[in-house]
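These are the residues of each chain, in order.
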Amino acid sequence: MEIKNLQTSMINAYKKNAGIRAPKKSESASKVSVNTDRVEFDFGRYLETAKADAAAKTDAAANESRLAALKQAYAGDNCPVSAEETVAAFFA
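Predicted model, so just to flag it, every value in this text is computed and none were measured. (Residues numbered from 1 in each chain as written. Predicted model: local features only at pLDDT ≥ 70, side-chain atom pairs only at ≥ 80, totals over all residues. Heavy atoms only, no water.)

Trainee: So what's going on with the packing of aromatic side chains? Residues and values would help.
Mentor: Applying the stated rule across the entire model yields 2 aromatic pairs. Here the aromatic rings of Phe 41 and Phe 43 are separated by 5.9 Å at their centres, their planes lie at 15°, and the arrangement is stacked. Among the residues examined, Phe 41 registers a relative accessible area of 63% and is labelled exposed. Classification of Phe 43 as exposed rests on a relative accessible area of 60%. Centre to centre, the rings of Phe 90 and Phe 91 are 4.9 Å apart; their planes meet at 85°, and the pair counts as edge-to-face. Grouping residues by exposure puts Phe 90 and Phe 91 together as exposed. (Phe/Tyr/Trp six-rings, centres within 6.5 Å; stacked < 30°, edge-to-face > 60°. Buried < 20%, exposed > 50% of the residue type's maximum accessible area, 1.4 Å probe, protein only.)

Trainee: Quick rundown of the pattern of salt bridges? Include the residues and the values.
Mentor: Enumeration over the complete set of coordinates arrives at 3 salt bridges. Close ionic contact of Arg 38 with Glu 40 constitutes a salt bridge, the shortest N to O distance being 3.1 Å. Both residues of the pair, Arg 38 and Glu 40, count as exposed. Note that Arg 45 is salt-bridged to Asp 42, the shortest N-O span being 3.4 Å. Judged by relative accessible area, which is 44%, Asp 42 ranks as partly exposed. (Salt bridge = Lys/Arg side-chain N within 4 Å of Asp/Glu carboxyl O.)

Right under this line is the structure:
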């Protein structure tokens, strides 16, 4: 077994093919395919829409008569809800 000849033949094959380069790509091959889809997400706009919806719901629920009734119920040191009920609602 002659390793010397094997190495020489591999080196010769490399030298023979080293000068061969891949053909340059044409302009049309480098462009992105025309038949592609593109999806863009605008999370900022989504967040602004969600905030506007939440604000609209809050404004609709807080009418003047309800606010007046709550102000009267909580006037001074009066609290119509016990501490136990508050804690139970928090952990429910």
